[in-house]
Amino acid sequence: MAAGIVSWGVYLPYWRLDRGAIGAAFGTSSGKGTRAVASYDEDTTTLGVEAARRALAVAGAPVPADLYFSTPAPAYLDKTNATTIHAALGLPPTAGAYDLCGSVRSGWATLNLSALSGEQRPAMAVIADLRTGLAGGAEESQAGDGAVAFVFAPEGGVAEVIGQASATDEFLERWRVPGETASRQWEDRFGEEAYLPAARAAFDDALEEAGLEAGDVDHLVIAGLHSRAVGSLRKELSVTAERLAPDYGPRIGNLGAAQAGLGLADVLERATPGQVVVVLELADGADAMVLRTTDDLVAVQEARRQSGGPSVAELADGGRSDLPYAVFLTWRGHLRREPPRRPDPERPDAPAMLRNEGWKFGFSASRCEACGFVHLPPTRVCLSCRAVDKMTPLRLADARGTVATFTVDRLAFSLSPPMVGAVIDFDGGGRYRGEMTDVDPAAVSIGTRVAMTFRRLYTAEGVHNYFWKARPVSEGAGAPDEHAAPADARKKERA
Amino acid sequence: MASRGIRDRVAIVGMGCTPFGELWDKSVDDLLTDATVECVASAGISLDDVDAFWLGTMGSGLSGLTLTKPMKLDYKPVTHVENFCATGSEAFRNACYAVASGAYDVAMAVGMEKLKDSGYSGLTGIRQVGDGTLAGLSSPAVFSLLVPAYAHKYGVDPDELKSVLTRIAWKNHRNGAVNPRAQFQKEVSMEKIAASPLVAGQLGVFDCSGVSDGAAAVVVCRTEDAHRYTDTPLYVKGLSFVAGPGAGIIDPEYDYTSFEEVVRSAADAYQQAGITDPRAQLAMAEVHDCFTPTELVLMEDLGFAERGTAWKEVLAGTFDRDGELPVNPDGGLKSFGHPIGASGLRMLFECWLQLRQQAPPERQIATVGEGGRTLGLTHNLGGGPGECVSFVGVVGSEPTD
């Protein structure tokens with residue numbers, strides 16, 4: 001039994017921006033294809049939660065003893081974002097949760113640290129990116145939003161790390177001062193000159209450490225925001241074209257810090273046991289990791305399918321691409337749209353959030369031990385039998401539900417009106433009235449099936465108000481759920 | 001345990017009601033002055049003759065000082081009452097119990113709300129942030145949840161149901177058009193109502209009650225004293241108020257086609273008042289038509305129509321001003337306007353006019369007088385489907401034999 005990756009999850013948001021829409025707005029040519037766009041109620045923390053939920057939904061995935069979160073676009077500074085993810089996943093307080101935020105390269109550090117930490121006890125790396133760029137610019141059209149999560153454990157690894165190498169260099173290629181939404185870049189050709197030697201060195205050194213040669217590589221993932229350098233390396237490194245991991249950039253864009261993980265996840269979904277995988281990332285130098293898949297890969301691939309988790313290829317093919325460019329600009333704060341004439345929302349109260357942590361962050365209801373009635377939010381007195389303080393917490397974040405009735409609210413405050421409201425009855429008990437998201441208002445009806453998703457309702461006075469919303473899911477036979485919700489596997493394991 | 005009621009023990013001997021509307025030129029103090037002065041004048045007394053006051057306002061003032069300071073009341077007991085949209089009725093209910101108990105001889109209930117100074121066109125509510133998990137649905141959205149549920153349960157085509165809702169708004173506008181105190185004194189065509197911009201779900205602007213400023217007041221005393229003040233008092237027949245446990249919002253059994261709180265308070269009020277067939281016995285009803293689907297569902301909850309049939313009765317005109325049971329002959333919340341704390345007493349004011357046949361001839365209902373009916377119902381609901389408070393009151397122009 002090898003140490004290594006035991007599970008993974010990838011999340012891409014529901015929305016795609018058609019690059020043609022940008023060109024249409026500016027009267028220019030803006031390229032073909034689409035990019036993945038985090039919705040108005042998503043940030044890197046919520047993207048990370050969704051990826052992590054998918055990784056933990058796979059049967060047999062261990063509860064992480066440590067969680068490391070990385071993003072170049074953190075929702076908070078000073079305050080740890082990983083603790084929000086920890087709470088949304090319902091992890092035990094004994095599990096550590098730490099941020100490694102700031103640069104694109106910190107995503108690599110997170111993978112590396114989790115791999116090392118995972119040799120001792122289960123560790124999870126969560127890497128998210130949300131990339132905006134200036135209106136009309138290359139970053140805006142070519143980048144994408146998304147998150148990946150990998151669980152490493154001392155045994156049962158489907159891919160063990162057999163070599164790694166770094167080539168660190170200090171050069172000014174891409175940078176951004178805190179507070180800015182768009183990074184700046186030095187002249188493209190300079191970056192290519194700076195990256196190529198570092199990438200070659202990291203690639204060669206990692207293979208050498210693994211005792212392998214380029215010809216032994218079955219799958220090569222090259223990630224980096226410098227597309228010119230990445231493109232050159234795809235041609236140059238002595239790996240045949242069919243062994244290069246596919247580039248999903250035309251459909252979803254470049255996920256920045258999460259790009260290397262996206263490629264690795266995609267490879268793990270397609271690889272067979274005993275194959276050699278190299279992941280090479282270009283960010284302020286280059287890092288490379290060599291992995292070898294194990295015999296356990298087949299069982300985990302099957303468990304992932306059972307959990308309903310979509311593959312990277314399916315995710316890249318999914319999404320909704322009729323997002324108007326003006327709406328995208330509004331979501332990113334580049335266009336100040338007139339809000340509904342309602343009072344601005346107020347920041348939530350810190351003591352109340354702490355008291356209700358299980359409900360707010362973990363969507364945990366209370367189930368009456370005497371009669372079984374499920375209460376959302378949790379209460380002390382049972383509605384059905386009036387028993388007092390006979391309640392057991394019941395996490396419903398991963399439960400599916402059905403719309404009992406619904407409305408489209410054009411008056412309520414929303415960062416992207418209209419707000420869609422629904423009354424949801426959960427499978428196995430419990431009713432909740434709340435917001436829907438990632439939804440076509442015209443497609444909601446009584447009976448619509450939903451899953452819960454962790455979102456940011458709004459931000460007031462610098463406080464992000466996180467909570468859960470419902471989103472439609474398709475459950476027809478042969479229709480993989482693009483947003484599949486985790487199965488109950490982990491819940492059972494913990495129970 | 002019992003709800004015995006105070007049937008015929010308390011009489012209404014005077015009332016006042018300001019015009020409702022966007023009263024930019026009226027302050028809270030002005031509204032309270034206008035309503036209380038008209039009220040005591042109609043009873044032929046002065047404010048000095050009132051022993052105790054109940055002031056209902058949801059958000060336009062705190063404490064009894066809101067009333068004593070503008071009216072310069074001399075060290076009188078004033079109780080501030082709040083119970084969502086049933087606030088005015090709750091002030092009335094408690095004033096009735098005060099005189100019934102013998103604690104006071106003459107009591108006044110005042111309801112008042114000043115909504116239009118907020119700067120927003122709809123209700124803005126009060127701060128309830130807490131952990132930030134309350135869904136921020138607006139009031140019309142919460143009540144619009146009734147519409148798909150009702151259509152689904154009774155197999156009514158959504159377009160047909162929309163025309164039912166439209167007819168409710170049309171009827172209430174038609175009634176308000178002949179009410180000089182109403183906020184909207186204009187008939188509106190069904191085409192215009194149906195085509196109004198959507199606010200929430202199937203509800204358009206014309207499916208929503210008017211947000212307005214206003215105040216109303218009532219003076220009550222024990223029945224044996226009533227004729228000192230007027231020859232034509234109204235008698236309190238039944239008063240019921242319930243606050244639900246918020247069951248529907250968490251119980252999957254609830255189907256969003258009824259307000260259990262209304263069913264319970266109606267049964268209690270009817271029992272107190274000796275009513276067995278409300279549709280046949282009541283001369284009129286003023287019900288809480290905050291949004292058109294609310295009025296639709298209330299027709300069934302209050303026992304005016306069988307379950308699943310109110311939509312047909314609406315289309316048949318049963319609840320028109322000249323129908324079998326006139327509902328909201330003064331225009332209702334829809335057309336008269338809805339200053340929260342004042343609305344319950346505004347409903348009572350219409351009973352005061354209609355049952356005593358003192359309404360303007362153009363809207364005097366025919367069920368009283370030669371119509372032979374003497375009872376009027378007022379109903380308030382606060383909250384929304386699944387979690388609300390409900391008040392049902394019955395008053396009559398004749399003492400029980």
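Residues numbered from 1 in each chain as written. Chains lettered and ligands numbered in written order. Predicted model: local features only at pLDDT ≥ 70, side-chain atom pairs only at ≥ 80, totals over all residues.

A.B. asks: Help me understand the interface of chain A and chain B in this model?
C.D. replies: Many structure descriptions define interface size as the accessible area lost when the parts assemble. Counting residues at the interface gives 37 residues for chain A and 32 residues for chain B. At the level of secondary structure, the elements contributing two or more residues to the side of chain A that touches chain B comprise α13 (350-355), α14 (357-362), β17 (400-409), β18 (419-426), β19 (431-436) and β21 (463-472) of chain A. (Contact = placed C-beta atoms within 7 Å. Helix = DSSP H or I, 4+ residues; strand = E, 2+ residues; numbered from the N terminus.)

A.B. asks: How should the domain arrangement of chain A be read in this particular structure?
C.D. replies: Residues and elements named next belong to chain A. Here chain A is described as being made up of domain 1 (4-331) and domain 2 (350-494). When each unit is reduced to the centre of its C-alpha atoms, the spacing between domain 1 and domain 2 is 29 Å. Counting residues at the interface gives 30 residues for domain 1 and 26 residues for domain 2. At the level of secondary structure, the elements contributing two or more residues to the side of domain 1 that touches domain 2 comprise α2 (44-57), α3 (82-89), α11 (312-317) and α12 (325-331). (Domains from an automatic or database assignment.)

A.B. asks: Looking at this structure, I do not really get the sheet that holds strand β2 (residues 52-56) of chain B. What am I missing?
C.D. replies: Sheet strands associate in pairs through backbone hydrogen bonding, adopting either a parallel or an antiparallel arrangement. All names here are of chain B. Taken together, the 9 strands give an open sheet; going across it, the order is β3-β2-β4-β7-β1-β8-β11-β10-β9, and neighbouring strands pair in mixed fashion. A strand with exactly one partner marks an edge of an open sheet, and here the two such strands are β3 (78-81) and β9 (282-286). Within this sheet the neighbouring strands show an average axis-to-axis angle of 25 degrees, counted without direction. Two elements, strand β1 (residues 10-17) and strand β7 (residues 214-222), share 7 bridges in a ladder whose sense is antiparallel. Residue pairing in the sheet places Val10 in a bridge with Arg222 of β7. Strand contacts of helix α3 (residues 87-100): β1, β2, β3, β4 (106-113), β7, β8 (234-243), β10 (375-384) and β11 (387-396), with the helix running at about 170 degrees to β4, the strand carrying the most contacts. (Pairing = 2+ DSSP bridges. Axes fitted to C-alpha atoms, helices over the stretch in contact; angles between N-to-C directions.)

A.B. asks: Please clarify how the nonpolar core should be interpreted in this entry.
C.D. replies: Soluble globular proteins: nonpolar side chains tend toward being buried together. Residues A:Val126, B:Val110 and B:Val218 are the most contacted members of the largest nonpolar core, which totals 281 residues. For this core, the leading source of residues is helix α13 (residues 340-355) of chain B, giving 10 residues. Leave out the neighbours within four places in its chain, and B:Val110 touches B:Leu32, B:Ala35, B:Thr36, B:Phe53, B:Leu55, B:Gly56, B:Leu67, B:Ala91, B:Ala215 and B:Ala217. (Core = buried A, V, L, I, M, F, W, Y, C linked by C-beta atoms within 7 Å. Buried ≥ 20, exposed ≤ 12 C-beta atoms within 10 Å, placed from the backbone.)

A.B. asks: Even after reading the chapter, I still don't get unusual backbone geometry, so can you show me in this structure?
C.D. replies: Among all residues except glycine, the phi angle is most often negative; among peptide bonds, the trans geometry is most common. Residue and element names in this part refer to chain A. Residue Pro377 is reached from Leu376 by a cis peptide bond, and omega for that bond is -5 degrees. The residue Pro377 is located in the loop between β15 (374-375) and β16 (391-395) in this model. Residue Pro418 is reached from Pro417 by a cis peptide bond, and omega for that bond is 0 degrees. Phi angles above zero are rare outside glycine, and Asp78 is one such case at about 65 degrees.

A.B. asks: Explain the packing of helix α6 (residues 188-210) of chain A against helix α7 (residues 227-236) of chain A here, please?
C.D. replies: When two helices pack together, their arrangement is given by the angle between the helix axes and by the axis-to-axis distance. Residues and elements named next belong to chain A. It is the contact of α6 with α7, at a shortest axis distance of 8 Å, that shows an interaxial angle of 45 degrees. Accordingly, the angle class assigned to the pair α6 and α7 is oblique. In this structure, α6 meets α7 at a crossing whose hand is right-handed. Contacts between α6 and α7 involve Asp188, Gly191, Glu192, Tyr195, Leu196 and Ala199 from the first element and Arg228, Ala229, Ser232 and Leu233 from the second. Class assignment for the residues of the contact of α6 with α7 results in 5 nonpolar, 2 polar and 3 charged. (Parallel < 35°, antiparallel > 145°, perpendicular 65-115°, else oblique. Left-handed = near helix turned anticlockwise from the far one by under 90°. Nonpolar A, V, L, I, M, F, W, Y, C, P; charged D, E, K, R; others polar.)

A.B. asks: Teacher, can you tell me more about helix α5 (residues 146-154) of chain B here?
C.D. replies: Residues separated by three or four positions in an α-helix point in the same direction, a consequence of the helix having 3.6 residues per turn. Of all the residues in α5(B), the buried ones are B:Leu146, B:Val147, B:Pro148, B:Ala149, B:Tyr150 and B:Ala151. Check the buried side of α5(B) and you find it contacts β17 of chain A together with α4 (139-144), α6 (158-176) and α10 (292-301) of chain B. Residue B:Gly155 follows α5(B) closely and has a positive phi angle near 65 degrees.

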